[in-house]
Amino acid sequence: MAYKLAARNGTGNRFRGECAGRTWFDHLFRRHCDKFAVRKHTGASLARAAAFNREEVGKFRDVFEGDYTEHYPPDRVWNVDEIGLIIVHSKILQVVGMKGKCQVGALSAAEHWSMVIVICSMSAGDSYIPPMLIFPRTNMTETLMRGSPPGFIRKAHPLRWVQTHLFTEWLQNFITRTASTELSPVLLVFDGHFSRTHYVEVINSARKNHVCIISMTSHMTQKLQPLDRMCMGFLKTHCASAFGKGFFTKKGI
């Protein structure tokens with residue numbers, strides 16, 4: 001991020017490989033030693049438990065309920081979150097078999113642990129943006145989108161998490177569909193993942209197109225993320241039910 005900021009501002013630098021090095025970090029640390037400290041990281045579960053406290057929640061509430069929400073009607077306040085849907089569900093329904101038969105076999109796919117990442121967004125006014133589907137593969141094929149609702153964005157990437165360039169593409173689609181302007185800006189709330197908050201292109205694009213972004217405090221999204229609290233659980237439940245009934249096989253999705 002330091003290199004991208006230096007390149008955008010046109011400041012001279014001696015970075016190698018388009019990345020700030022250890023020397024730059026040491027100088028930065030020395031100048032701001034009163035703010036930084038080197039510590040060992042802790043497990044996510046402990047961090048989540050420690051981060052979710054009255055003081056941290058109060059800070060986020062003061063930011064969100066301050067001057068921000070007073071200038072945005074419900075239909076201009078949006079939340080975005082992603083969820084991973086397992087392609088082959090692990091929960092197997094019980095079946096009726098003949099007595100004396102010890103085992104009832106069932107075919108198992110090799111993609112047992114593969115997931116489709118879904119980026120969802122919804123406003124407080126009950127409107128939504130068609131999701132982006134990220135399939136766990138290198139190349140995209142239209143066969144995977146057969147039977148899908150119109151407006152869905154399809155992408156392919158072999159890794160299991162949202163890459164920065166994919167989120168940037170989603171943001172461009174979000175800006176187009178919400179038609180944010182200076183007279184009608186948009187407030188977008190998301191978690192503090194590095195693909196969103198540490199990427200200059202995302203910040204510049206949001207600022208240029210009148211999208212105000214608020215990032216949630218780390219390790220608190222499981223309690224404060226609206227989509228995570230209300231919608232994602234139902235989506236997983238209905239997907240599991242559809243897999244169990246063989247819906248996807250019948251409809252060819």
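Residues numbered from 1 in each chain as written. Predicted model: local features only at pLDDT ≥ 70, side-chain atom pairs only at ≥ 80, totals over all residues. Heavy atoms only, no water.

In the nomenclature of an unreviewed UniProt entry, the chain is known as DDE-1 domain-containing protein of Dryococelus australis.

**Concerning the overall build of the chain**
The cut-off we apply is this: A helix here means a DSSP run of H or I that spans at least four residues, while a strand means a run of E at least two residues long, and both kinds are numbered starting from the N terminus. Buried, partly exposed and exposed residues are distinguished by accessible area as a fraction of the type maximum, computed with a 1.4 Å probe on protein chains only: under 20%, between the cut-offs, and over 50%, respectively. Two residues form a contact once any of their heavy atoms are found within 4.5 Å. With residues, only the protein chains shown are counted as cover, and all accessible areas are computed by Shrake-Rupley using a 1.4 Å probe.
What the chain contains, in helices and strands, is 11 helices and six strands. For the chain, the residues scored as buried account for 28% of the 253 residues in total. Sequence separation of 24 or more characterises 66% of the internal contacts of the chain that already satisfy a separation of 6 or more. For the chain, the exposed area adds up to about 17400 Å²; of that, 56% sits on carbon and sulfur atoms.

**Overview of the confidence of the model for the chain**
The line we're drawing: pLDDT measures how confident the predictor is about each residue, on a scale from 0 to 100.
When pLDDT is averaged along the chain, the result is 76, and 73% of the positions lie at 70 or above. Mean pLDDT in the chain bottoms out at helix H11 (residues 247-251), which sits at 44, and peaks at helix H2 (residues 22-31), which reaches 89. Counting contacts from residues 247-253, a segment whose pLDDT is below 50, to residues more than four positions away or on other chains yields 10 contacts.

**Digging into the packing of helix H1 (residues 2-9) against helix H7 (residues 200-208)**
Quick note on the threshold: Angles run from 0 to 180 degrees between N-to-C directions of axes, and those axes are lines fitted to C-alpha atoms, restricted for helices to the stretch in contact. When an angle is under 35 degrees it counts as roughly parallel; over 145 it counts as roughly antiparallel; between 65 and 115 it counts as roughly perpendicular; any other value is oblique. Gly is placed with the polar residues, together with every amino acid not listed as nonpolar (Ala, Val, Leu, Ile, Met, Phe, Trp, Tyr, Cys and Pro) or charged (Asp, Glu, Lys and Arg).
It is the contact of H1 with H7, at a shortest axis distance of 10 Å, that shows an interaxial angle of 50 degrees. As judged from the angle between their axes, H1 and H7 are oblique. Contacts between H1 and H7 involve Lys4, Leu5 and Arg8 from the first element and Val200, Glu201 and Asn204 from the second. Taken together, the residues of the contact of H1 with H7 break down into two nonpolar, one polar and three charged.

**Quick look at the sheet that holds strand E3 (residues 128-135)**
Within a beta sheet, neighbouring strands are joined by backbone hydrogen bonds and run either parallel or antiparallel to one another. Rule in force here: Strand pairing requires that DSSP identify at least two bridges connecting the strands.
The strand order across the open sheet formed by six strands is E4-E3-E2-E1-E5-E6, and the pairing between neighbours is mixed. Every interior strand has two partners, whereas the edge strands, strand E4 (153-156) and strand E6 (211-215), have only one. Here the average twist between neighbouring strands, direction ignored, is 25 degrees. When strand E1 (residues 77-86) meets strand E5 (residues 186-190), the two strands line up parallel, connected through three bridges. In the strand pairing of E5, tryptophan 78 is matched with leucine 188.

**Some thoughts on the pairing of E1**
Across the 10 residues that make up E1, a large majority, seven, are buried. Here E1 runs beside strand E2 (residues 115-123); their pairing, made up of nine bridges, is antiparallel. For isoleucine 86, the partnering residue across the bridge sits in E2 and is methionine 115.

**Considerations on the environment of glutamate 201**
Relative to the assigned elements, glutamate 201 resides in helix H7. The class of glutamate 201 is partly exposed, set by a relative accessible area of 36%. Glutamate 201 sits 33 residues away from threonine 168 along the chain, and the two C-alpha atoms are 7.4 Å apart.

**A look at unusual backbone geometry**
Residue glutamate 18 is not a glycine yet carries a positive backbone phi of 55 degrees. Even without a glycine there, the phi angle at alanine 179 is positive, about 50 degrees. One can find alanine 179 in the loop between helix H5 (164-178) and E5.

**Let's talk about the packing of aromatic side chains**
Here a ring pair, both rings aromatic, is described through the centre-centre distance and the interplanar angle of the planes. Which entries qualify depends on this criterion: Only Phe, Tyr and Trp rings take part, Trp by its six-membered ring, and two of them pair if their centres are within 6.5 Å. Stacked means planes under 30 degrees apart, edge-to-face means over 60, and tilted covers everything else.
Counted by the stated rule, this structure contains eight aromatic pairs. Between phenylalanine 15 and tryptophan 24, the aromatic rings sit 6.3 Å apart at their centres with planes inclined by 90 degrees, giving edge-to-face as the arrangement. By relative accessible area, which is 32% here, tryptophan 24 ends up partly exposed. Joined through ring pairs, the aromatic side chains of Trp78, Phe167, Trp170, Phe174 and Phe190 make up one cluster.

**Some thoughts on the packing of H5 against H7**
Angle between the axes and distance between the axes are the two parameters that describe a pair of packed helices. Direction vectors running N to C along H5 and H7 enclose 5 degrees, while the axes themselves pass 10 Å from each other. Classified by the angle their axes make, H5 and H7 are roughly parallel. Where H5 approaches H7, its residues Phe167, Thr168, Leu171, Gln172 and Ile175 are matched on the opposing element by Val202, Ser205 and Ala206. When grouped by side-chain class, the residues that make up the contact of H5 with H7 number five nonpolar, three polar and no charged.

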